[in-house]
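# Secondary and tertiary structure notes
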Amino acid sequence: MTIPFSTPPAVAWASGFFSHGPLRCKSTTIADLAGVFASSDAWQKEDPARIVYQVEMLDSLQGEGELYVGVTHLYPGHIGHEFFMTRGHFHARREQGEVYFGLRGEGMLLLQTEQGQARLEKVQPGSVHIISAYTAHRLINTGQTTLSALAVWPAIAGHDYQALKHGFALRLFAKDGGVAVNEVRYG
Ligand code: PA5
Ligand code: NI
């Protein structure tokens, strides 16, 4: 007897690349990240077309109850001494969480509550990060190779970038071959 089945897309755990689609891809360049890094002088000296990160996601069903799956590839680099990072966001639907899985490279997941309390989780191959509701999140590549992380999130979650236009409460810089964490004070 032949059992009918279909072969869903596969993800190569070592690289984070999907075997087949349908896929949606988005690249974010230095030019797209105006105002995100601490030093605007250093940001202006960079090639605006340089890609900081790429997100590849399965073009799956939308709507209440559906899930999106995507992989972020965050390249190694600095703006001044500040490590490359994603823009970071709250979900537009604040009550919706997300899960990140570290695939390759090393870095940090910066998490921040609506009250502005920030904390870091180390991202490495195999790490599992539960991003609770009402929590903003940003990936930071503190290593010298591509940091890739797989994410699963509710299709209805949406992105709110505006709420963090003044940035997160922590910034990570390269210092003496290691990582320095700076607290940011606003106002
Ligand atoms: O859903 C997520 O949280 C990720 O897929 C991010 O969107 C991805 O890492 C890119 O980050 P940002 O949306 O903050 O630019
Ligand atoms: Ni998210």
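The structure contained in this document is the topic of the report that follows. (Residues numbered from 1 in each chain as written. Chains lettered and ligands numbered in written order. Predicted model: local features only at pLDDT ≥ 70, side-chain atom pairs only at ≥ 80, totals over all residues. Heavy atoms only, no water.)

## Quick look at the coordination of the nickel ion (ligand 2)
As a reminder of what qualifies: Counted as coordinating are nitrogen, oxygen and sulfur atoms within 2.8 Å of the metal, or 3.2 Å for Na, K and Ca, while water is not included, which may make sites look incomplete. Exposure is judged per residue with a 1.4 Å probe applied to protein chains only, and the accessible area is read against the type maximum: over 50% gives exposed, under 20% gives buried, and values in between give partly exposed.
Within the protein, the atoms that donate to the nickel ion (ligand 2) are His89 (NE2), His91 (NE2), Glu98 (OE) and His137 (NE2), at distances of 2.1 to 2.4 Å. Donor residues for the nickel ion (ligand 2) sit on one chain with the sequence pattern H-x1-H-x6-E-x38-H. An identical accessibility class is assigned to His91 and Glu98; each is buried.

## Here we look at the packing of aromatic side chains
Counted only if it meets this: Put simply, two rings from Phe, Tyr or Trp (the six-membered ring, in Trp's case) pair if the centres are within 6.5 Å, and we call them stacked under 30 degrees between planes, edge-to-face over 60, tilted for the rest. Put simply, DSSP H or I for four residues or longer makes a helix, DSSP E for two residues or longer makes a strand, and each gets a number counted from the N terminus. Lysine and arginine charges are scored as sitting over a ring when NZ or CZ, respectively, is within 6 Å of the ring centre and within 35 degrees of the ring normal.
By the definition in use, this model includes one aromatic pair. Summarising the aromatic geometry, the rings of Tyr68 and Trp153 are spaced 5.7 Å apart at their centres and angled 70° between planes, so their arrangement reads as edge-to-face. A residue pair is termed long-range when its members are at least 10 positions apart, and Tyr68 in strand 3 (residues 67–74) and Trp153 in strand 11 (residues 147–154) qualify at 85 residues. Each member of the pair, Tyr68 together with Trp153, is buried. Of note, Arg24 hangs over the ring of Tyr68, and the distance from its end group to the ring centre comes to 5.6 Å. Across from the ring centre of Tyr161, 5.8 Å away, lies the NZ or CZ of Arg87, which sits over that ring.

## Quick look at the site of ligand 1
As a reminder, the rule being used: Any residue with at least one heavy atom within 4 Å of a molecule or strand is counted as near it. Whenever a nitrogen or oxygen atom comes within 3.5 Å of another N or O atom, the pair is scored as a polar contact, on the condition that within protein one atom can donate a hydrogen and the other can accept it, and that pairs from neighbouring residues in sequence are kept only if both atoms are in side chains. Calculation of accessible area relied on Shrake-Rupley with a 1.4 Å probe; when residues are assessed, cover is drawn exclusively from the protein chains displayed. The residue classification treats Ala, Val, Leu, Ile, Met, Phe, Trp, Tyr, Cys and Pro as nonpolar and Asp, Glu, Lys and Arg as charged. All others, Gly included, are polar.
Around ligand 1 sit 13 residues, and of these Tyr53, Thr72, Glu98, Tyr100 and Tyr161 come closest. In the environment of ligand 1, an oxygen atom lies 2.7 Å from a nitrogen or oxygen atom belonging to the side chain of Thr72. Here an oxygen atom of ligand 1 and a side-chain polar atom of His89 are 2.9 Å apart. Compared with its free state, where it exposes 370 Å², ligand 1 has 94% of that area covered by protein. Sorting the residues of the shell around ligand 1 by element identifies strand 2 (51–58) and strand 6 (98–104) as the ones contributing at least two each. Taken together, the residues of the shell around ligand 1 sort by class into five nonpolar, six polar and two charged.

## Description of the nonpolar core
Under the convention used in this document: Only buried Ala, Val, Leu, Ile, Met, Phe, Trp, Tyr and Cys residues count toward a nonpolar core, and they belong to the same one when joined by side-chain atoms within 4.5 Å. Any pair of residues with heavy atoms lying within 4.5 Å of one another is described as a contacting pair.
In this structure, Phe37, Val52, Leu74, Ile79, Leu109 and Leu139 are the most contacted members of the largest nonpolar core, which totals 35 residues. Per-element tally for this core: the top contributor is strand 11, with four residues. Among residues more than four places away in sequence, those in contact with Leu139 are Thr72, Leu74, Phe84, Met85, Thr86, Tyr100, Met108, Leu109, Val123, Leu147 and Ala149. Judged by nonpolar contacts, the second largest core, of six residues, contains Val11, Phe18, Val71 and Leu103.

## Describing the sheet that holds strand 9 (residues 128–131)
What counts here: Pairing between two strands is assigned when DSSP locates at least 2 bridges connecting them. The convention used is that axes are lines fitted to C-alpha atoms, helices contributing only their stretch in contact, and that angles between N-to-C directions extend from 0 to 180 degrees.
Strand order in the open sheet made by the six strands is 1-2-3-11-6-9, with antiparallel pairing throughout. With one partner strand each, in any of the chains shown, strand 1 (23–29) and strand 9 form the two edges of the open sheet. Along the sheet, successive strands turn relative to each other by an average axial angle of 20°, direction set aside. Pairing geometry for strand 2 and strand 3, over five bridges, is antiparallel. When the sheet's bridge partners are listed, Met57 is paired in strand 3 with Gly70.

## Things to note about a nonpolar patch on the surface
Formally: For patch detection, residues must exceed 30% relative accessible area and be free of salt bridges, and they are connected within 9 Å for like charges or within 5 Å for nonpolar side chains (Val, Leu, Ile, Met, Phe, Trp, Tyr). By definition here, a salt bridge exists when the distance from a side-chain nitrogen of Lys or Arg to a carboxyl oxygen of Asp or Glu is within 4 Å.
Nonpolar side chains collect at one region of the surface, where Met1, Ile3 and Phe5 lie side by side and expose about 500 Å² of accessible area between them. Within the fold, Ile3 resides in the segment before strand 1.

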